[in-house]
Amino acid sequence: MPRPSPAYITTPIYYVNDRPHIGHAYTTTLCDVWSRAMRLDGRDVFFLTGTDEHGLKVEKSARDRGISPQALADENSAEFRKVMGLFGLTNDDFIRTTEPRHESQVKLFVEKLMKSGDIYLGEFAGWYDEGQEEYVTDTRAKELEYKSPISGKPLVRATEKNYYFRLSAYQAKLEAFFAANPRFVRPDGRFNEVLGRMRDGLQDVPVTRTNFTWGIGMPDAPEHVIYVWIDALFNYATALGLGDPNGALAKDRARFWPPEYHVIGKEILWFHAVIWPALLMACGLEMPKCVYAHSFWISNGQKMSKSLGNFIDLPTIQGYFDKYGLDAWRWYMATQGPIGTQDADFSPKHFHEIYTANLVNTFANCASRTSSMMEKYFAGSMPAADTASMPISAAAGAPTWSVFTQQAAEKTLKHYSDFELAEAGNTALSIVRAVDLLINETAPFKLAKDPTKMDEVARIIAACAEGVRVAAVLLTPIMPNKCGEVLAAYGSPIAADGGMLAAARWGGLKAGTKIAKCAPFMRVDAPTA
RNA sequence: GCCGAUGUAGCUCAGCUGGUUUAGAGCGCUGGAUUCAUAACCCGGAGGUCGGUGGUUCGAGUCCACCCAUCGGCACCA
C-alpha cells in the first residue's frame, strides 16, 4: 500500500465584517466536495478555512457598536464557524488571524523578509481623502478632480512612512513561473487577465499602514500595522506552521505544503496569483499548484448587492435545506455554480428544475425502480449472476458493464481531481442513465411474467443494482448523506480504504446482499415565484 | 480610457488547429410507447440565416477586417 499522498486545499479566510452568504458557502462547499473526493480516493487531505479578522473596517464596526474589535471578531468568527457546520463541511482546521499561532508566525515571516531586503521602509506620498481616511491613486485623484467623491472636500497631499514589499523585483521570476505553469491560474480566462496586468509592470506594494491599530504590529515598529491582505495571505502557511519550521505544528503539518488548490473568488485574484507567489518566492517556499478563481452568483439575473438587499443569505439558504435537503443544495452548488469565467444565476425555478431532472427523475428514480424490482422479484436479495461481461446494451460495440463503469469511474475521478466538479457529477450520472436504458431495452418486468426467464431477469436486475451502487459511490463527495442512504439500502457501504476506483469496481454487490427499497429524493412542489 | 473576452435551437451551453454528415447535448415544449419506478424512464418531433457586413479560400460557426450588443479585469471587498 503506497503512502497516501498529502493534498492541501484552502478557501479564502472570510472577513468577519461580512455576514455569511451564498458566496462563502459556495467556495467552501466546492472545497469540501474536492476534499471528500480526494479522501475517498485515499489521499491524505488537509482542508483549511477560517476567518480574516484584522483591519480598519473591523475596528470601525466595533467602535460603532461600542465593543472591542476582538469581541466583534470573536462573535462573527463563531458565526462563520457555526455556519460551516450547517453545511456539513469537513474542514480539518479553522484558522483565525487573531490567534497567537498565526500572529507569531506572521511576525517571523516578516522579520525574515526584512532581513532579506524584500521588505523595506519607504516613504509614500499620495492624495488622501480625510473624510474616508484613505488614499486614492494618482489617476483616480485626477479623475475626481482632486475632490473627495463622498464629501466633495479637496483631497490633501500627504506623506507617510510605510513598509513596502519589493514586488517589482519578482517580475521576471513570476513571468518565468507563469510561462512554465500554464495551469497555475484557472480558469484560463482569469490567467489571461493576470498576464495582461503583468505587462503593465509590477510596483512595490505597501505592507503596512499607520491609520489603524487593529492588526499585527511590525516587529520593532508596532505603530506600523501589517496590512490585512498580507496578514491574511499568510494564513495558508501559518496553518501548517511554516513560519516556524522547527515548531511542533510544522512537524505535524509541513508535509501538506504546497497547496493543490487555493480556491478563491475572482475579486481577490491579483493577491493570490501575483503577490502571494512573490511572497512565497521571497520566503523560499514552494509554489501552490493552482489558484482557482471562480466567479459570482447573481440572483435572478441581478447582481447581488447590499443596496439591492438581494443577497442569498443564510435564512434563504436554510429555506432550500428545508425544502430540498442539504445534498440537493450541494448538488446545485457543485454542478450549476459559477466555476468558470462567467457569473451564474441563482433562481428558485432553475434550482427546482435541476433538482427534479437530475436528482428525482434520474438518480433517485433509478435507485427506486431498481430496488423495487429487487424486492418484488428476488425478495430483496441480490441474486447470483455474472454481469461483468454483460454488454450495457444490445447496440453494436456496446462496452461491458465492468468496462463501462470503470471508464466512467476513472473519468469521474479525473474530473474531481482537476476541480471539474460539474463534469464529475454528470459523468457519474451517466451510469444511472445507462441503467435506465438497460431497463427500458430489456423490460425485465415483462420477462418476469415468464418463470423460465428468471435467470435473465436476475442478470439484468443484478447489473442495475450494481450500476446504482457504483454511481452512488462516485456521487458521494457531492451528496454524502443521500449516497450514504442509498449505499446502506443496497447493503454496501464504502469500504474504509482502497481508493475511489476500488470502491467503484464492478462486482461490489455480493450475491445474497439484502437490498431494501429506497427513494432518496422525493418530488416537491414547484416554487411559485 | 486601457486590456481581455463573449455573442450557436425558448433557456444553459458543446463544437480543438477551416471541408464526417442534412450544425449537436441537457433542460423546457409537443406527439408516441410503456408500467418496474417518484405522471418518472424510453422513442420521435419541433427547425437556430451559428450577432451584422465585407473579405481570404475550391470550401468557414470554425481564419481576417470593420461594425453592433453584452460582459469581465484595471490593486478595499465570497
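Computed from a predicted model, the values in this text were never measured in an experiment.

S.K.: For this particular structure, what's the right way to read the overall build of chain A?
M.R.: Within chain A one finds 20 helices and 15 strands. Along the three orthogonal principal directions, the C-alpha set of chain A runs to about 95 × 55 × 40 Å. Across the 529 residues of chain A, 55% fall into the buried class. Partitioning the intrachain contacts of chain A with sequence separation of at least 6 by distance along the chain shows that 76% fall at a separation of at least 24. With the model as given, the accessible surface of chain A reaches about 22,800 Å², and the carbon-plus-sulfur share is 53%. Taking the average location of the 56 positive side-chain charges in chain A and that of its 60 negative ones, the two points are 4 Å from each other.

S.K.: So what exactly am I meant to see when it comes to the sheet that holds strand 3 (residues 93–96) here?
M.R.: Strand order in the open sheet formed by six strands is 3-2-1-12-13-7, with parallel pairing between adjacent strands. Sheet topology places strand 3 and strand 7 (185–186) at the edges, where each strand pairs with a single neighbour. Sheet topology note: the strand 1 (residues 6–15)/strand 12 (residues 261–265) ladder contains two bridges and is parallel. By the bridge assignment, isoleucine 9 is partnered in strand 12 with tyrosine 261.

S.K.: I keep staring at the sheet that holds strand 10 (residues 217–218) and nothing clicks. Help me out?
M.R.: Pairing between the strands of a sheet comes from backbone hydrogen bonds, and it takes one of two forms, parallel or antiparallel. Overall, antiparallel pairing links the three strands, which are arranged 9-11-10 in an open sheet. Each edge of the sheet is formed by a strand with only one pairing partner; in this case those strands are strand 9 (208–209) and strand 10. Inspection of the sheet shows strand 10 paired to strand 11 (residues 221–226) by two bridges, in the antiparallel sense. Bridged to methionine 218 within strand 11 is alanine 221.

S.K.: So what exactly am I meant to see when it comes to the domain arrangement of chain A here?
M.R.: How big an interface is tends to be expressed through the accessible area that disappears when the partners come together. Considered domain by domain, chain A is made up of domain 1 (6–118 + 166–294) and domain 2 (348–503). The C-alpha-based centres of domain 1 and domain 2 are spaced at 41 Å. Of the residues lining the interface, 15 residues belong to domain 1; the matching set on domain 2 comes to 16 residues. Taking both partners together, domain 1 and domain 2 bury about 1,300 Å²; carbon and sulfur atoms supply 71% of that area. On the domain 1 side of the contact with domain 2, Val33, Leu40 and Asp41 bury the most area, a combined 41% of that side's loss. Counting across the interface, domain 1 meets domain 2 through zero salt bridges. On inspection of domain 1 and its partner domain 2, the count reaches six residue pairs in polar contact (both at pLDDT 80 or more). Those elements that place two or more of their residues in the side of domain 1 that touches domain 2 are helix 1 (22–40) and strand 12. When residues in the side of domain 1 that touches domain 2 are grouped by element, the largest group, seven residues, is from helix 1. Taken together, the residues of the side of domain 1 that touches domain 2 break down into 10 nonpolar, one polar and four charged.

Reading guide: rules and limits
Just so you know, the residues in each chain are numbered from 1, in the order the chain's sequence is written. Chains and ligands are labelled sequentially in the order written, the chains with letters from A and the ligands with numbers from 1. Two thresholds apply to this predicted model, a pLDDT of at least 70 for residue-level local features and 80 or more for giving and counting side-chain atom pairs, whereas whole-chain, interface and lining totals are computed over all residues. As a rule here, side-chain values cover all heavy atoms of the structure and leave hydrogens and water aside. Secondary structure elements follow DSSP: runs of H or I of four or more residues count as helices, runs of E of two or more count as strands, with numbering from the N terminus. Partly exposed residues are those whose accessible area sits between 20% and 50% of the maximum for their type, while under 20% is buried and over 50% is exposed, using a 1.4 Å probe and protein chains only. Contacts are residue-level and defined by heavy atoms, with any inter-residue pair within 4.5 Å sufficient. The Shrake-Rupley method, run with a 1.4 Å probe sphere, supplies the accessible areas, and residue values consider only the shown protein chains as cover. Here the positive residues are Lys and Arg and the negative ones are Asp and Glu; neither His nor the chain ends is included. To locate a charge, the coordinates of NZ of Lys, CZ of Arg, CG of Asp or CD of Glu are taken. Following DSSP output, two strands are said to pair if at least two bridges run between them. Domain start and stop points were drawn from an automatic or database domain assignment. Summed over both partners, buried area is the accessible surface (1.4 Å probe) that two parts give up on being assembled. Each salt bridge in this description consists of a side-chain nitrogen of Lys or Arg and a carboxyl oxygen of Asp or Glu lying within 4 Å of one another. Residues adjacent in sequence count toward polar contacts only when both atoms are side-chain atoms; beyond that, a polar contact is any pair of N or O atoms within 3.5 Å, and within protein one must be able to donate a hydrogen and the other to accept it. Nonpolar residues are Ala, Val, Leu, Ile, Met, Phe, Trp, Tyr, Cys and Pro. Charged residues are Asp, Glu, Lys and Arg, and all others, Gly as well, are polar.

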